[in-house]
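# Observations on chain architecture
The lines below spell out each chain.
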Amino acid sequence: MARPFLDVDCSATGRRWTGPTPEEARQAEALEQAARLPPAVAAVLARRGVAPEAAEGFLDPTLKVLLPDPLSLRDMAAAAERFLAALRGRQRIAVFADYDVDGGASAALILSWLAAQGHRATLYIPDRIDEGYGPNEPAMERLARDHDLIVCVDCGTLSHGPIAAAQGADVIVLDHHLGAETLPPALAVVNPNRQDETGDLGHLCAAGVVFLMLVEVNRQMRAAGMAGPNLIDFLDLVALATVADVAPLTGVNRALVRQGLKVMARRARPGLVALSDIARMTSAPTPYHLGFLLGPRVNAGGRIGQADLGARLLATSDPHEAAALAERLDALNTERREIEAAVREAALAQAEVRGLDGPLVWAAGEGWHPGVVGIVASRLKEATNRPAVVIGLEGDQGKGSGRSVSGVDLGAAIHRLAAEGLLVKGGGHRMAAGLTVARDRLDEAMERLGALLAKQGAGASGPRELRLDALLMPGAASADLVERIEAAGPFGAGAPAPRFAFPGMAVSFARRVGESHLRIGFGDGTGPRLDAIAFGAFDTPLGPLLESHGGARIHLAGRLEINDWGGRRQVQLRLEDAARAD
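A quick note: this is a predicted structure, and the numbers were derived from the prediction, not measured.

Cut-offs used in this document
- Starting afresh in each chain, residues are numbered from 1 along the sequence in its written order.
- Per-residue local features of the predicted model are confined to residues with pLDDT of at least 70, and side-chain atom pairs are confined, for both listing and counting, to 80 or more; whole-chain, interface and lining totals are unaffected and use all residues.
- Side-chain descriptors were evaluated using all non-hydrogen atoms of the structure, hydrogens and water having been removed beforehand.
- Put simply, DSSP marks the helices as runs of H or I at least four residues long and the strands as runs of E at least two long, and each gets a number from the N terminus on.
- Three labels apply to residues, based on accessible area from a 1.4 Å probe with only protein chains included: buried if under 20% of the type maximum, exposed if over 50%, partly exposed otherwise in between.
- When checking whether two residues touch, look at their non-hydrogen atoms; a contact exists if any pair is within 4.5 Å.
- What makes a salt bridge here is a side-chain nitrogen of Lys or Arg within 4 Å of a carboxyl oxygen of Asp or Glu, nothing more.

## A short note on the environment of Glu56
With respect to the secondary-structure elements, Glu56 resides in helix α3 (residues 55-59). Owing to a relative accessible area of 70%, Glu56 belongs among the exposed residues under this scheme. Put simply, Glu56 and Ala241 are 185 residues apart on the chain and 27 Å apart in space, counted from C-alpha to C-alpha.

Here you go:
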């Protein structure tokens, strides 16, 4: 095992620090010289495997270069042709969507595109509790009676029975969830995660798949002498879905999110404007805003309220309707947080009794709201660095959600469990999955799931690691450097924001902020001082260590950011960890 970075084997938060490998250090030096990059930026690119000749393109990801040919996906031609035929024939179109952000944004993409062509479509989003995830036979039968085409977005790949029940209507599936060995009887199933696909586009969320179909539809329209809407204007929805669905920010997703953030900053979509205002967003949108401010509010309707609120908000062109929907979703999100807190406390207590050192952390409780079990599973995963499943029990069944860690394919394990008959149903992708299990098979199913995950290496790691990109001194942490680092983004799932270590720092002040946060100032004693904020510091040993530093030199680790608070533009460190330097 390589020596820990700065010899930090167990930090204040119990983590082992790791730095660049010798190969990454050599690559960073080559990037610094060949591409004339600051050492910190070169280190970030080297950590991501960017070669010197590819640096310029990586720092300026464009759709012109990165957008794949939509026809590289199976069934795309048939899906686009049928969709366009429905428009030309003024046929009745229904959009059946999942109740999360990806489903809502995917539906809004289609509804908005059709509205720009003067065509209205029916939106249908199932109730999470009464109907559950994905198409169901009664709903599909009803939609088929009144529509010529049903487009299933962010769902449908495993819905053999419900799609077969849609007699009299054609069905198109635009999805990204893992497929089974057989496909449902739809006219087209466009999904980069079908078993007969290459997997090259498996990182797309459903909204990315929908966007590619609209690209192909526009292309077919141009070939026929027709004009379609400007699809660049739709990228705000694709960016929101990509970030909120925790899709990896690699490949074309980088360009989709980068461009989508620019579109969102124009404040042209009434729903996102209203939601941004009620969330008190005062700066240009970033992936953080999408994932932690906007996404949860869009999701709130599907979690504990009316399932279609989020999609309606994203699709509306009426500012007054948008304001009303945003206000309702914000209230639901507050209620959701209260429900989540109660379930999280109970789930963590139960998981601790069961043990947190195995390959799987799980909890199940009577009446736990199915709208929050996924969020609670995510919290358990973050707290334990292990795949987590949380299940709400009602009657003779339990419905749950799981979240995974890097390198462990939870979706594949859930599919295996369903195939073995241990689940009523289940599906998902690498990082997240949903399941329904019979109450009397719960323990058996979780034991088997743990065994499957253990084979993938879950729970086998030692202390958690904190990956650091490079060393940095306070004097080098300028606003210009932060902006150049941001050019290597966007950062998020699959592309974590760079972390830097500041070695042997002297803490000049440490001040508690609120109940659990900490603000400090630090420097190396010879140059400028830098401020840092550590959120939740007193929920861990990090806060006490820094508050009572006693003049000792401290290694600090975190992410650089620009603080615009009060109109002052100032670089600060988002402090994540620390360790004594002696």
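## Some words on the side chain of His203
With respect to the helices, strands and loops of the structure, His203 is situated in the loop between β6 (188-190) and α9 (206-223). According to the relative accessible area criterion, His203 is buried, its value standing at 17%. In contact with His203, not counting residues within four places along its chain, are Ala247, Pro248, Thr250, Gly251, Val252 and Asn253.

## Some remarks on the pattern of salt bridges
Overall, the coordinates contain 32 salt bridges when judged by the stated rule. Linking Arg47 and Glu24 is a salt bridge whose minimum nitrogen-to-oxygen distance equals 3.5 Å. With Arg47 in helix α2 (residues 39-47) and Glu24 in helix α1 (residues 22-34), this pair connects stretches of sequence that are 23 residues apart. For Arg47, a relative accessible area of 13% corresponds to the buried category. The salt bridge partner of Arg574 is Glu561, with a shortest N-O separation of 3.1 Å. Placement of the pair is Arg574 in strand β18 (residues 570-580) and Glu561 in strand β17 (residues 554-563), with a sequence separation of 13 residues. Salt bridges linked by common partners bring Arg74, Asp75, Arg194 and Asp196 together as one network.

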